[in-house]
Structures are given as C-alpha cells and as structure tokens.
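Examination of the molecular architecture
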Amino acid sequence: MPFDQVGGAQALTTVFEGKQVHQKISEQFLIERVKAMIFKKALSRYFAAAIAILTLVGCQGKVPDSILSPVDQTVADTIYYSGKIYTVNSAQPWVEAVAIKDGRFVAVGSNKQVMELVTSDTTLVDLNGAMMMPGLHDAHFHTGHAVKRELDCTPRQFAPSGLEQVLIDCSHQRMEGYPWLVINGLEMWGDPVDKKLLDKIFSNIPVLINDVSLHNVLVNSKALELAGIDRNTPDPKGGKIIRDSITGELTGVLAEYSAIKLVKGVIPPYPSHKLEKSILESFKKLLSRGITSYQDAGTDEAQWSLINDIDSKGIPMPYITAHFRYGEGRGLESILSQREQYRTPHVAPDGVKVYLDGIPVPPAFTHVPLDENGKVIEDNLLVSRDQLAEKLVEWDKAGLKVKMHASGEGAVRVALEAIEATRKVNGDSGIWHETAHTSDVSPDDFTRFAELNAVAEISPYFWHLNSIVGQTGYQFATLHKGGALMTIGSDYPVVESFNPFPPLQGVLTREGESISRGEAIKMLTLNSAESIGKQADFGSIEVGKVANMVVLDRNLLEIPSEEVSQTQVLKTILDGNMVFDRL
C-alpha cells in the first residue's frame with residue numbers, strides 16, 4: 001500500500017524511534033514523523049547533488065535537466081518488515097525485513113537497516129511476526145498432464161471395484177463436442193482389469209483411462225480399433241500390449257509410453273481456449289501453494305505456444321525449466337531449434353527427459369532392478385546403456401540438463417554410469433544431470449552422486465501418502481550422508497496434490513531416514529536452484545536475487561514435525577509482486 005495508507009503504525013515506532021514505544025501513538029502522528037525523516041534524507045541527497053552540479057557547471061551555465069535527480073537511486077518499491085524471515089543463506093539465516101526494487105532484493109537485514117530505503121512511494125507490508133522464506137520449487141511436475149486432468153473426467157483415485165460407477169458418472173461429464181472420453185485415477189496394482197466393462201457401456205465411444213502412475217492405460221475396443229491395434233500387433237520397443245495369458249486376446253491394458261502413444265497418438269487435440277484456461281488455473285494453484293518455480297518433466301509442445309503467449313502478456317506464472325521428452329523421433333537439432341522457440345522470461349527450455357525404466361508395481365512391473373549379485377537386469381531397460389551414454393555426452397555438450405526416470409536400483413546405476421562417462425569425455429560442464437524419483441539406490445551407489453555432481457531428485461509424496469510405490473526405498477538420510485544434492489519432486493498429477501508440505505513432513509518423519517529441517521527446506525529451495533543452474537537468481541533471500549517468497553501461517557523451524565503437513569501459504573510473492581494473498 002502507499003505510505004500514507006500504511007497500517008500497524010505502532011510496529012513502526014521501533015524502526016524510526018530507535019526504541020520500543022509502549023504507549024498508544026496516533027497513526028497520523030507517526031506518519032508525519034516518517035514523512036519528516038524521508039524529507040530530511042531526501043534533502044541531504046539533493047544537497048550533495050547540488051554541490052556536484054555546481055562543481056560540474058562552474059556556476060556559469062544552465063544545469064542539464066538530465067542530472068536534476070537524487071544521487072542515490074537505491075530506494076525500495078516494497079518493504080516487508082517485522083517478520084521471521086528464513087533466508088536459507090547460511091551466512092545470514094534469519095532477518096527481520098527485506099527491500100525489493102524492480103523485482104529483486106536490494107536489502108536484507110534488520111527493520112532499521114532496511115527502512116533506510118523507504119520513500120513516500122514505498123509499499124510497506126507488516127509481516128506481524130509471520131515466517132517468510134524463499135519461494136518453493138517442485139523438481140518434477142507434468143504441465144501437460146496437469147492441464148488435461150482439469151478437462152478430463154477426474155474423480156478421486158479409484159480401485160477396479162469402483163470402475164463401473166466411475167464410468168456411469170463420467171458418461172455425464174464428457175467435454176461437449178469432444179469425441180473421446182478420457183478418465184484419470186484408476187489403481188491397477190490391485191485386482192486385474194480388462195476392457196469388457198468399458199465395451200459394455202461404451203461400444204461406440206472411444207474411452208481411455210489413465211492409471212494413477214500414468215505408466216499404464218486401459219482402453220476399450222473402439223479405441224484399439226481407431227489406433228489400429230489387434231492381437232497381431234507386436235509390442236513396441238519399451239512398451240507392452242497386455243494380452244490374456246490363455247487366449248492371447250487383448251485386455252485393453254497398455255504399459256509404458258511407447259505402447260500408450262499408439263492410442264494417444266490418434267486422440268484429437270483439446271480445444272486451445274480450454275487448454276489456455278486450464279493452464280492459467282494450474283499456474284494460479286501452483287502459486288497459491290508457494291511454488292514459484294518448477295521443472296516440467298516431459299514437455300508437451302502443444303501447450304507451449306499458449307504458455308509463451310501467457311508470459312508475453314505479463315500474467316503471473318512460475319519459472320519453468322522445461323525438459324523435452326526423448327524418444328519421439330527428435331534429434332538434437334530438433335530439440336535445440338524448439339529450445340529457442342519456446343524460451344521466454346519465465347521459461348528455460350534447457351532440459352531433456354529420458355525414461356530408463358517404468359515402475360515397480362503391477363500390472364507390468366517395468367522397473368529395472370539389480371540381481372542378487374548386484375548386476376543390472378536389463379530386460380525392462382528402455383534405453384540401452386551405450387545409447388544413453390552417447391546421448392548424454394551429446395546433450396551435455398549442447399548445454400542441456402538431463403532428467404532420467406529411474407525407479408529401480410538398476411536404472412539408477414545405469415544413469416550414474418552414463419553421467420560418469422559424460423564427465424570423462426566432456427569434463428565437468430557445470431550441468432547437474434539427475435535421476436528422477438530415485439526410489440531405490442544400491443549401497444554401492446550412495447556416494448556416487450556427490451562424486452559425479454549428480455542430483456538425486458526424490459518423490460517423498462509417495463512415501464508420505466503411503467502408496468504402494470512408497471513402501472520401500474526413499475533413503476533420504478543415507479543419500480544426504482553420502483553427499484548427494486537432493487531435490488523434491490511431486491510428480492503431479494501422478495499424486496493427487498502438489499502441496500509441498502505433506503512430503504516435507506515425510507522427509508522429516510521417515511523412520512531411520514529422516515533429515516534435519518534446514519536440509520529438508522533446502523531440498524525445496526537452494527538445492528533445487530543449484531540443480532537447474534539458477535542459484536544466482538533463486539533459492540535463497542539475498543541481495544541481487546529475484547524476489548520470490550512465501551509467507552506461512554506457522555514457523556517450520558519451530559513446530560512439531562507432525563504438524564508440518566498442515567502448513568498453509570498466506571502470501572506468495574513472485575518477481576517482487578504479491579500474486580497470492582489468502583487474507
């Protein structure tokens with residue numbers, strides 16, 4: 001708010017009087033005192049400027065209009081004060097106030113220090129003792145799936161026993177004028193499923209149901225027909241067309257991306273105006289959770305022209321590091337050409353996403369484990385070891401960060417081997433390549449992340465939610481002890497929420513594998529910024545960095561670990577502007 005509208009005047013007396021004032025003081029009196037202080041400061045600046053001007057022109061000519069301005073231009077657009085501000089800067093971990101100019105921090109310190117930059121045009125925000133910290137980063141988010149999820153029929157996660165009711169309910173929720181019915185949220189790790197019920201209810205309408213993991217789909221006969229899939233269609237490389245073990249008939253289940261795209265490739269595009277509306281809603285929801293940046297783990301190019309347009313209009317949106325999905329006929333030249341096409345102030349298309357394996361759950365168990373002798377079982381490996389090493393060297397030279405989906409111990413091993421080969425050929429490029437999910441890591445590989453400057457991106461969302469894919473692994477403390485740079489990714493919409501505080505609690509409460517509060521918070525802030533090579537701009541509250549922050553309803557460093565998941569974001573500040581305010 002403008003200075004003459006500032007509330008909470010009594011709190012300002014500490015700053016301007018140099019001592020705490022206990023008696024009641026009128027707001028107008030305090031405002032006048034502050035204005036007088038501002039005038040005095042401005043007068044001293046103009047006096048210094050006048051001396052310089054007189055010296056310059058020798059008191060003989062007209063003073064140029066261009067230099068009739070204060071010498072000191074360091075003034076604040078906005079000041080947040082009287083807070084418990086956790087900076088994630090080890091040299092200055094806690095401060096009271098911050099000043100922002102042109103979207104970046106220009107002062108970080110005590111109320112008294114920061115208020116030196118106040119002018120009559122400065123907006124003052126009293127934090128009233130609330131905790132403020134850097135904006136949060138989600139290291140694994142799927143923009144394309146998240147946006148389409150809002151347009152599809154998306155009930156809460158459901159078991160096969162609830163399939164019939166979901167089909168009936170979703171029959172009334174089809175997108176008007178759209179020929180397909182797409183449903184999300186089926187659990188496929190319980191009872192087996194097939195297309196019979198879908199065919200019974202929808203004989204002429206193509207239906208596709210995404211399972212919870214997004215690594216499997218269930219489709220009906222009409223969808224198979226449109227995709228040209230029959231019992232003689234061979235499994236594509238890296239995917240499986242699931243058949244009845246006795247009759248050989250198609251069950252309607254397709255496992256992994258190369259098989260799924262056989263059907264998704266014939267689904268018509270969603271209407272652009274609906275996609276744009278959904279993208280805007282997704283951005284608003286992310287910002288409301290304090291997420292000011294994220295990595296898009298598998299860029300959907302069909303949406304990026306819309307996102308470019310959103311950014312060009314100045315509409316608030318998180319900073320995005322986009323990873324192009326490898327394996328769709330794209331060579332390096334194609335990726336690089338699209339890379340610049342989609343670059344905007346808030347989008348850095350500087351990554352590649354590679355699937356090395358699937359997931360360690362039914363119906364297909366497509367992860368890559370190690371055998372009893374510690375050797376990689378390569379049956380489900382989606383990219384050969386030699387090919388991965390060759391491509392990683394190529395991408396690293398081109399300045400592309402590679403995110404490798406690796407849920408099995410064997411897949412993690414293959415990823416680390418490829419990073420090691422790349423370091424030997426290219427040297428240390430400064431790019432932090434990473435394993436995504438990193439669900440299980442062999443004891444032989446715990447220290448290799450630090451040795452290779454590789455990131456362990458983990459998914460404590462699965463652990464905290466106690467889903468079937470979170471029962472084992474997730475060695476937070478062991479990886480940290482080994483020196484790994486760790487980040488937190490939600491994998492939304494594989495999980496039902498991208499709220500960062502429940503998984504943060506999971507990192508703090510995993511028995512035998514929990515880590516300290518400070519280290520856990522770094523996973524969502526400074527570690528993530530370093531991972532994407534943006535630590536000079538993001539990840540901590542320091543002078544010169546972009547002013548991305550969140551204000552919370554409780555102090556994460558003081559409350560019991562069991563209450564962390566209940567944390568609410570009160571305000572989100574992006575580029576120095578308040579883009580979400582719960583109050």
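Each remark here, short or long, concerns the structure printed above.
In this report, we go over the structure that sits alongside the text.

If you tally the helices and strands in the protein chain, you get 19 helices and 23 strands. Here the protein chain, with 583 residues, has 55% of them falling under the buried criterion. Contacts spanning at least 24 positions in sequence make up 71% of the contacts within the protein chain whose residues lie at least 6 apart. Approximately 24,900 Å² of the protein chain is accessible, and the part contributed by carbon and sulfur atoms is 51%.

Secondary-structure assignment places Arg149 in helix 4 (residues 143–149). Of the side chains with opposite charge, Glu150 comes closest to the buried, unpaired Arg149, at an N-O distance of 4.6 Å. Residues within four places of Arg149 in sequence aside, it is in contact with Thr154, Asn184, Tyr492, Pro493 and Glu496.

Val354 and Leu556 are the most contacted members of the largest nonpolar core, which has 104 residues in total. Sorting elements by how many residues they give to this core places helix 13 (residues 409–426) first, with seven residues. In this view, Val354 contacts Tyr326, Val383, Leu388, Trp395, Val402, Lys403, Met404 and His405; residues no more than four positions away in its chain are not counted.

This part is about the sheet that holds strand 1 (residues 78–81). Read from one edge of the open sheet, four strands run 5-4-1-6, paired in mixed fashion. Here the strands that pair on one side only, and so sit at the sheet edges, are strand 5 (104–109) and strand 6 (123–126). Averaged over all pairs of adjacent strands, the angle between strand axes in this sheet comes to 15 degrees, irrespective of strand direction. Across four bridges, the pairing between strand 1 and strand 6 is parallel. Considered in strand 6, the bridge of Ile79 is made with Leu124.

Our focus in this paragraph is helix 12 (residues 385–397). An α-helix turns once every 3.6 residues. As a result, residues three or four positions apart point the same way. Along its 13 residues, helix 12 runs 19 Å from first to last C-alpha, staying within 8% of the 18 Å computed at 1.5 Å per residue. Among the residues making up helix 12, those that are buried are Leu388, Ala389, Lys391, Leu392, Val393, Trp395 and Asp396. Among the residues trailing helix 12, Gly399 stands out with phi positive, at a value near 80 degrees.

Within the structure shown, the criterion is met by one disulfide. Note on cysteine connectivity: Cys153 is disulfide-linked to Cys170, with sulfurs 1.9 Å apart. Handedness here is read from the sign of the S-S torsion; for Cys153 and Cys170, about -70 degrees, the answer is left-handed. One end of the pair, Cys153, is in the loop between helix 4 and helix 5 (163–170); the other, Cys170, is in helix 5, with 17 residues separating them in the sequence. By relative accessible area, Cys153 is classed as buried at 4%.

Quick notes on the rules
- Residues numbered from 1 in each chain as written.
- Predicted model: local features only at pLDDT ≥ 70, side-chain atom pairs only at ≥ 80, totals over all residues.
- Heavy atoms only, no water.
- Helix = DSSP H or I, 4+ residues; strand = E, 2+ residues; numbered from the N terminus.
- Buried < 20%, exposed > 50% of the residue type's maximum accessible area, 1.4 Å probe, protein only.
- Contact = heavy atoms within 4.5 Å.
- Areas by Shrake-Rupley, 256 points an atom, 1.4 Å probe, with all protein chains shown as cover.
- Lys, Arg positive; Asp, Glu negative; His and termini not counted.
- Salt bridge = Lys/Arg side-chain N within 4 Å of Asp/Glu carboxyl O.
- Core = buried A, V, L, I, M, F, W, Y, C linked by side-chain atoms within 4.5 Å.
- Pairing = 2+ DSSP bridges.
- Axes fitted to C-alpha atoms, helices over the stretch in contact; angles between N-to-C directions.
- Expected span 1.5 Å × (residues − 1).
- Disulfide = S-S within 2.5 Å.

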